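Structure at a glance
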Amino acid sequence: MDRSSLLQLIQEQLDPENTGFIGVETFASLVHSHELPLDPAKLDMLVALAQGNDEGQVCYQELVDLISSKRSSSFKRAIANGQRALPRDVLLDETGLGFYKRFVRYVAYEILPCEMDRRWYFYQHRTCPPPVFMAAVTLTQIIVFLCYGARLNKWVLQTYHPEYMKSPLVYHPGHRARAWRFLTYMFMHVGLEQLGFNALLQLMIGVPLEMVHGILRISFLYLAGVLAGSLTVSITDMRAPLVGGSGGVYALCSAHLANVVMNWAGMRCPYKLLRMVLALVCMSSEVGRAVWLRFSPPLPASGPQPSFMAHLAGAIVGISMGLTILRSYEESLRDQCGWWVVLLSYGTFLLFAVFWNIFAYDLLGAQIPPPP
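Under an unreviewed UniProt entry, the chain has the name rhomboid protease and belongs to Apteryx mantelli. Here is the UniProt Subcellular location (unreviewed entry) comment for the chain, exactly as written: "Membrane". Under Catalytic activity (unreviewed entry), UniProt gives the following word-for-word description of the chain: "Cleaves type-1 transmembrane domains using a catalytic dyad composed of serine and histidine that are contributed by different transmembrane domains."

This is the structure we're talking about:
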């Protein structure tokens, strides 16, 4: 029986008068008597949704949305207010799962703070589209690093090589008119250690986030952190160039960590306190290393070394914009008032930064080092 026939049968037998409401117990009996192909998990969710109704009924449209793998606004509100509890055991107790489904369950417990959200994600997850954005960015960064490393025969502190800084991808204050550099600098890295740190975090945190929240939200968050990083450097560290994807990486990491803190009681990822402490220590160490290379470089260089301000700008983007993006699983961003406030603030910053780059350097008489 296809989906349209199933819905027609339900309406004819359970709501012949077109009242718009269906008794859940009667519907469950219909499912079992006709052996209808409805996922038991969806039936559990339907029963859980109806628990808040005094008459034990559910709106017909809610049922249509559930069978069609959609989530209506009232279903989301039911999840948010915590008044509906699934009658089955938690998702973590399921046995007999294959490797990929166990990984999906792991992602659900890593990212989502609500058991209903985790169950919904687990049963509705599809492999298409795959989380290709973070994988593609990381692969491109590795390829670019290997190409320059092989060409220059230098794998550590590459920015000390003049030819490396001549790359058309590097952001340099003397090349501000080449607007693509405000984004493409994310493909270049100081050395093997920075690339390894960024690639590891992008894959460990970015891929699960992309699996849950989708490519559009996570790519937007990552690129917003990258762009904010370069624009912040152009305002606060006007002589410094910039390389590395740390702006985007710190946007993802800070958004995820802030989401864990905001939903601490609901998160079920193991050793969450220890892992958060380790993440903060690693991120702080990376920032400290970037500050040291900027102001106390170990080797003489032809000009100022890359700035560290992109790390801080990315973290701010993650805490503000990222937390809004990750707060509500599957909730439309355009329906969130906080999202529009954050987006307006970010747009205002972009506009200010553009005017700053056009006029401020000349007005302030900034001494820009000659571009390589």
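From this point on, the discussion continues.
All right, on to the UniProt feature "transmembrane region" (unreviewed entry) in the chain then. Under the present numbering, the feature "transmembrane region" (unreviewed entry) in UniProt falls on residues 132-151, 182-203, 215-235, 247-266, 273-295, 307-326 and 338-359. With 100% helix and 0% strand, the stretch residues 132-151 has end C-alpha atoms that lie 28 Å from each other. What you have in residues 307-326 is 90% helix and 0% strand, and the ends, taken at the C-alpha atoms, are 29 Å apart.

A few words on the packing of aromatic side chains. In this description, an aromatic ring pair is defined by two values, namely the gap between the centres and the angle between the planes. On inspection of all chains with the given rule, the structure shows 10 aromatic pairs. With a centroid separation of 5.9 Å and 55 degrees between ring planes, the pair formed by Phe 145 and Trp 155 is classed as tilted. Of this pair, Phe 145 sits in helix α8 (residues 132-152) while Trp 155 is found in the loop between α8 and α9 (162-165), placing the two residues 10 residues apart along the sequence. Using a relative accessible area of 3% as the deciding quantity, one classes Phe 145 as buried. Seen from their ring centres, Tyr 171 and Phe 182 are 5.0 Å apart, and the 50 degrees between their planes marks the pair as tilted. Taken together, the residues Tyr 171 in the loop between α9 and α10 (181-184) and Phe 182 in helix α10 connect sequence positions 11 residues apart. A single burial state applies to Tyr 171 and to Phe 182, both of which are buried. Above the ring of Phe 122, the side-chain terminus of Lys 101 is found at 4.1 Å from the ring centroid. Between Lys 272 and the ring centre of Trp 264, over which it is positioned, the NZ or CZ distance is 4.7 Å.

Turning our attention to helix α15 (residues 309-327). Over its 19 residues, α15 extends 26 Å from the first C-alpha to the last, a length consistent with the 27 Å expected when each residue adds 1.5 Å. Counted residue by residue, α15 has 14 buried out of 19 residues, so it is predominantly covered.

Turning our attention to helix α11 (residues 192-213). Between its first and last C-alpha, α11 extends 30 Å over 22 residues, near the 32 Å set by a 1.5 Å rise per residue. At Gly 206, α11 is bent by approximately 35 degrees, the largest bend along its length, and proline Pro 208 sits one to four residues beyond. Buried residues dominate α11, accounting for 16 of its 22 residues. One or two residues past the end of α11 sits Gly 214, with phi positive at roughly 90 degrees.

We now examine the pattern of salt bridges. Under the criterion given, the structure shown has five salt bridges. Put simply, Glu 110 and Arg 275 hold a salt bridge, and the shortest N to O gap is 2.5 Å. Of this pair, Glu 110 sits in helix α6 (residues 99-111) while Arg 275 sits in helix α14 (residues 272-295), placing them 165 residues apart in sequence. Look at Glu 110 and you get buried, because its relative accessible area is 7%. For Arg 289, the salt bridge identified is with Glu 286, shortest N-O distance 3.7 Å. One end of the pair is Arg 289 and the other is Glu 286, both in helix α14 and three residues apart, which spans about a single turn. Each member of the pair, Arg 289 as well as Glu 286, carries the same accessibility label: buried.

Here we come to the confidence of the model for the chain. Of all residues in the chain, 76% have pLDDT values of 70 or greater, and the mean over the chain is 83. Between the elements of the chain, mean pLDDT differs from a low of 48, seen in helix α5 (residues 73-81), to a high of 97, seen in α10. A low-confidence stretch, residues 78-88 (pLDDT under 50), is modelled with 26 contacts involving residues beyond four sequence positions or located in other chains.

The interhelical angle for the contact between α11 and helix α13 (residues 246-262), taken along N-to-C directions, is 45 degrees, at an axis separation of 10 Å. One way to sum up the angle between α11 and α13 is to call them oblique. As for how α11 packs across α13, the hand of that crossing is left-handed. Taken together, the residues of α13 that come into contact with α11 (itself represented by Gln 194, Phe 197, Asn 198, Leu 201, Gln 202, Ile 205, Gly 206 and Leu 209) are Ser 246, Val 249, Tyr 250, Leu 252, Cys 253 and His 256. Across the contact of α11 with α13, the residue classes break down as eight nonpolar, six polar and no charged.

Our focus in this paragraph is the side chain of Ser 219. By secondary structure assignment, the location of Ser 219 is in helix α12 (residues 215-236). Side-chain polar atoms of Ser 219 contact the backbone oxygen of Leu 216, separated by 3.2 Å.

Scoring rules and cut-offs
- Residues numbered from 1 in each chain as written.
- Predicted model: local features only at pLDDT ≥ 70, side-chain atom pairs only at ≥ 80, totals over all residues.
- Heavy atoms only, no water.
- UniProt positions renumbered as here; feature names shortened; annotations may be inferred.
- Helix = DSSP H or I, 4+ residues; strand = E, 2+ residues; numbered from the N terminus.
- Phe/Tyr/Trp six-rings, centres within 6.5 Å; stacked < 30°, edge-to-face > 60°.
- Buried < 20%, exposed > 50% of the residue type's maximum accessible area, 1.4 Å probe, protein only.
- Lys NZ or Arg CZ within 6 Å of the ring centre and 35° of its normal.
- Expected span 1.5 Å × (residues − 1).
- Bend = angle between axes of the 7 residues up to and from the residue.
- Salt bridge = Lys/Arg side-chain N within 4 Å of Asp/Glu carboxyl O.
- pLDDT = per-residue confidence, 0-100.
- Contact = heavy atoms within 4.5 Å.
- Axes fitted to C-alpha atoms, helices over the stretch in contact; angles between N-to-C directions.
- Parallel < 35°, antiparallel > 145°, perpendicular 65-115°, else oblique.
- Left-handed = near helix turned anticlockwise from the far one by under 90°.
- Nonpolar A, V, L, I, M, F, W, Y, C, P; charged D, E, K, R; others polar.
- Polar contact = N/O pair within 3.5 Å; in protein donor to acceptor, adjacent residues only side chain to side chain.

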